[in-house]
Amino acid sequence: VQLQASGGGLVQAGGSLRLSCAVSGSSFSRFGAAWFRQGPSGHRDLVATMGNGGDTTYADSVKGRFTISRDNAKSTVYLQMNSLKPEDTAVYYCNMVLTGPGLEYWGQGTLVTVSS
C-alpha cells in the first residue's frame, strides 16, 4: 500500500485548500483514514479521522472549518480546509490503518502555508 498526498500550497488567511491522498493497493474501503499535521513545534498532531463506516472525528482546533471525506471508488481520502489560519501552517500527512491486522501506512506529507 502506498499513499500519495497532494494539494498543499501557499494561501492567505481565510482561504481554502483541499488535500488529497491517493492510495494504491487493495482493500482501501476496509481501512480507517486520518490526517495528521506537523507544525513548527515538531509534534505530529491528529487533525481528523474517518472510519471505514464513515464516522468522523476532528481536533477541536479545526472543527467547523475542516472536513474529511473519502471516495472508495477512487481510493482517495480528502481534507477540505476552509477559513484557514496562520496556525494551520504545517506539513499534512495522510494515514491509513487496518486495525485487525495492525497495518498502518503514511503518506509523504504535503506542506500547507497560511500567510497572515
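The structure we're discussing is the one just above.
What this report covers is the structure whose coordinates are included nearby. (Residues numbered from 1 in each chain as written. Predicted model: local features only at pLDDT ≥ 70, side-chain atom pairs only at ≥ 80, totals over all residues. Heavy atoms only, no water.)

## Details of the side chain of Thr110
Part 1 of the reasoning: Checked against the element boundaries, Thr110 lands in strand 11 (residues 110-115).
Part 2 of the reasoning: The exposure class of Thr110 is buried, given its relative accessible area of 10%.
Part 3 of the reasoning: Looking at Thr110, its side chain comes within polar contact range of the main-chain nitrogen of Gly8, at 3.0 Å.
Part 4 of the reasoning: Once residues lying within four places of it in the same chain are set aside, the contact partners of Thr110 are Ala5, Ser6, Gly7, Gly8, Leu19, Ala90, Val91 and Tyr92. (Helix = DSSP H or I, 4+ residues; strand = E, 2+ residues; numbered from the N terminus. Buried < 20%, exposed > 50% of the residue type's maximum accessible area, 1.4 Å probe, protein only. Polar contact = N/O pair within 3.5 Å; in protein donor to acceptor, adjacent residues only side chain to side chain. Contact = heavy atoms within 4.5 Å.)

## Some points on the packing of aromatic side chains
Part 1 of the reasoning: In the structure shown here, the tally under the stated rule is 2 aromatic pairs.
Part 2 of the reasoning: Pairing Phe31 with Tyr105 gives two aromatic rings, centres 6.0 Å apart and planes at 55°, and the pair type is tilted. Of this pair, Phe31 sits in the loop between strand 3 (17-24) and strand 4 (32-38) while Tyr105 sits in strand 10 (residues 103-106), and the two are 74 residues apart along the sequence.
Part 3 of the reasoning: Classification of Tyr105 by relative accessible area gives partly exposed; the value is 23%.
Part 4 of the reasoning: For the cation-ring pair, Arg44 lies above Trp106, with the distance from its terminal atom to the ring centre recorded as 4.8 Å.
Part 5 of the reasoning: In this structure, Arg70 packs its charged tip against the face of Phe28, placed 4.8 Å from the ring centre. (Phe/Tyr/Trp six-rings, centres within 6.5 Å; stacked < 30°, edge-to-face > 60°. Lys NZ or Arg CZ within 6 Å of the ring centre and 35° of its normal.)

## So, the pattern of salt bridges
Part 1 of the reasoning: Counted by the stated rule, this structure contains 3 salt bridges.
Part 2 of the reasoning: Ionic pairing is found between Asp60 and Lys63, a salt bridge with its closest N-O pair at 3.1 Å.
Part 3 of the reasoning: We classify Asp60 as exposed; its relative accessible area is 65%.
Part 4 of the reasoning: The structure contains a network of salt bridges with shared partners spanning Arg37, Arg65 and Asp88. (Salt bridge = Lys/Arg side-chain N within 4 Å of Asp/Glu carboxyl O.)

## Some thoughts on the sheet that holds strand 3
Strand pairing within a sheet occurs via backbone hydrogen bonds; the two strands may be parallel or antiparallel.
Part 1 of the reasoning: Spatially, 4 strands are ordered 1-3-8-7 in an open sheet, and the strand pairing comes out antiparallel. Looking at strand neighbours, the two that pair on one side only are strand 1 (2-6) and strand 7 (66-71), the edges of this open sheet. Each strand axis lies, on average, 15° off the axis of its neighbour in the sheet, ignoring direction.
Part 2 of the reasoning: In the sheet, strand 7 pairs with strand 8 (residues 76-81) via 6 bridges, with the strands oriented antiparallel. Residue pairing across strands places Ile68 opposite Leu79, the latter belonging to strand 8. (Pairing = 2+ DSSP bridges. Axes fitted to C-alpha atoms, helices over the stretch in contact; angles between N-to-C directions.)

## As for the environment of Leu19
Part 1 of the reasoning: Secondary-structure assignment places Leu19 in strand 3.
Part 2 of the reasoning: Residues Leu19 and Ile68, 49 residues apart in the sequence, show an inter-C-alpha distance of 9.4 Å.
Part 3 of the reasoning: For Leu19, the residues in contact, after removing those within four places along its chain, are Ser6, Gly7, Gly8, Trp35, Val77, Tyr78, Leu79, Met81, Tyr92, Thr110 and Val112.

On their own, these measurements won't tell you what the molecule is for.
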